[in-house]
Amino acid sequence: MNPLRRYEAIMEQLLASKEVTVADLSDQLQVTGKTIREDLAKLEERGLLVRVHGGAVLAQSEQLGILSAKEPVAKHSDEKAQVAERALRYIEPKDIIALDGGSTTLEIARRLDNIPLTVITNDVYIIGELARKPDIRLVVPGGYRVRNMLTGPEAESYVRSLNVQKAFLSATGVHPEYGYSIYTGDLIAFKRALLESARTTYVVADHHKFGQFALRTFAELRDVSRIITDSGLTESAAQPYIEAGVEVEYRNLPAN
């Protein structure tokens, strides 16, 4: 296994359990303890973890990455709900939209009315949510499962053949320098396929993810049409992204 794949595996394990040990990683990845300690040192240099005696913990406690294989993550649920409500304003009956996998896009799916709509998604939780809404045409690209998401060359090729009007993408980190990032490279090609296929693209992320970054960048800031976040983002925190030419929706919306 090459170093980059080991780094991804280490970060995946950290996301699942919040702490890893050198011994467990050595057994899991079939490499020496010395190699694991070197890997942990390199990941610590990147600010992704903090080494502790015998192992490591996440450096950025707010980072959740892709969802647990057991159940959706409910952290920052109020902010995610606000982001979802903002995103719904861009969805109209008969639209063809894509919902990338993630906790915020899952919140969008939960709040979608049962209206004539085509939804492309690779998230098994979103599939389960929308399957109960018969007026929504559900399109699943297929592929192999990575925790709660489906991905792979077949899925990416299929998405590129579609005419997607609006794509809503998730990210683990939104950063002025590193753009939009996630912890695993397995999902980058699928996200890129959505970006390239959709007429309009949105990144949906709560304000806790701003200024954060993960292991792999899947898009530069200006690759998306707009970032939709919650009102917890301050004006000063939004400024670097606006200066980079990105539309950021974060201010309180006027009352109806």
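This text follows the structure it describes.
This report concerns the structure included in the present document. (Residues numbered from 1 in each chain as written. Predicted model: local features only at pLDDT ≥ 70, side-chain atom pairs only at ≥ 80, totals over all residues. Heavy atoms only, no water.)

### Description of the pairing of strand E12 (residues 198-204)
The element E12 is largely enclosed, with a buried count of five among its seven residues. Relative to E12, strand E9 (residues 164-169) runs parallel, the two being bridged by five bridges. Its bridge partner lying in E12, Ala167 is registered against Thr201. Pairing of E12 with strand E14 (residues 226-228), which is carried by three bridges, proceeds in the parallel orientation. By the bridge assignment for E14, Val204 is matched with Ile228. (Buried < 20%, exposed > 50% of the residue type's maximum accessible area, 1.4 Å probe, protein only. Helix = DSSP H or I, 4+ residues; strand = E, 2+ residues; numbered from the N terminus. Pairing = 2+ DSSP bridges.)

### Quick look at the pattern of salt bridges
One pass over the structure, following the stated rule, counts 19 salt bridges. The partner of Glu44 in a salt bridge is Arg51, with the nearest N and O atoms 2.7 Å apart. Measuring nitrogen to oxygen at the nearest pair gives 3.2 Å for the salt bridge that ties Arg226 to Glu249. Within this pair, whereas Arg226 is found in strand E14, its partner Glu249 is found in strand E15 (residues 247-249), the two being separated by 23 residues in sequence. According to the relative accessible area criterion, Glu249 is buried, its value standing at 8%. When salt bridges with common partners are traced through the structure, they connect Arg86, Arg89, Arg226, Glu247 and Glu249 into a single cluster. (Salt bridge = Lys/Arg side-chain N within 4 Å of Asp/Glu carboxyl O.)

### Observations concerning the side chain of Thr121
Looking at where Thr121 falls in the secondary structure, it is placed in strand E5 (residues 117-121). Leave out the neighbours within four places in its chain, and Thr121 touches Leu99, Ile126, Ile127, Leu138, Val139, Val140 and Pro141. (Contact = heavy atoms within 4.5 Å.)

### Brief notes about the sheet that holds strand E3 (residues 55-58)
Across a sheet, paired strands are connected by hydrogen bonds in the backbone, their directions being either parallel or antiparallel. Read from one edge of the open sheet, three strands run E1-E3-E2, paired in antiparallel fashion. The sheet is open, and its two edges are formed by strand E1 (19-21) and strand E2 (49-52), each paired on a single side. Ignoring strand direction, the axes of neighbouring strands in this sheet form an average angle of 25°. In terms of strand pairing, E2 meets E3 through four bridges, oriented antiparallel. Residue pairing for E3: Leu49 is matched across the bridge by Leu58. (Axes fitted to C-alpha atoms, helices over the stretch in contact; angles between N-to-C directions.)

### Structural notes on the nonpolar core
Counting 35 residues, the largest nonpolar core has Leu169, Val174, Tyr180, Val203, Phe218 and Ile227 as its most contacted members. The set of elements that each furnish at least two residues to this core consists of helix H7 (153-160), E9, strand E11 (179-182), helix H8 (188-197), E12, strand E13 (216-219) and helix H9 (235-243). Contact partners of Phe218, with chain neighbours within four places excluded, come to Leu169, Ser170, Ala171, Tyr180, Ser181, Ile182, Ile188, Lys191, Arg192 and Leu195. Membership of the second largest hydrophobic core comes to 22 residues, among which are Ile97, Ala109, Tyr125 and Val204. (Core = buried A, V, L, I, M, F, W, Y, C linked by side-chain atoms within 4.5 Å.)

### Points about the packing of helix H1 (residues 3-17) against helix H3 (residues 33-45)
Across the interface, H1 lies against H3 with an axial gap of 10 Å and an inter-helix angle of 80°. By the criterion of interaxial angle, the relationship of H1 to H3 is roughly perpendicular. From H1, Arg6, Tyr7, Ile10 and Met11 reach across to H3, where they touch Thr35, Asp39, Leu40, Lys42 and Leu43. Its residues placed into classes, the contact of H1 with H3 shows five nonpolar, one polar and three charged. (Parallel < 35°, antiparallel > 145°, perpendicular 65-115°, else oblique. Nonpolar A, V, L, I, M, F, W, Y, C, P; charged D, E, K, R; others polar.)

### A few points about the packing of aromatic side chains
Tallied over the full model, the rule gives five aromatic pairs. With 5.0 Å between their ring centres and 40° between their planes, Tyr90 and Tyr202 make a pair best called tilted. Placement of the pair is Tyr90 in the loop between helix H4 (77-88) and strand E4 (96-99) and Tyr202 in strand E12, with a sequence separation of 112 residues. Note on Phe168 and Tyr202: the rings are 4.9 Å apart at their centroids and 10° apart in plane angle, and the pair reads as stacked. One end of the pair, Phe168, is in strand E9; the other, Tyr202, is in strand E12, with 34 residues separating them in the sequence. On the basis of relative accessibility, which here comes to 0%, the residue Phe168 falls in the buried class. (Phe/Tyr/Trp six-rings, centres within 6.5 Å; stacked < 30°, edge-to-face > 60°.)

Keep in mind these numbers describe shape, not what the thing actually does.
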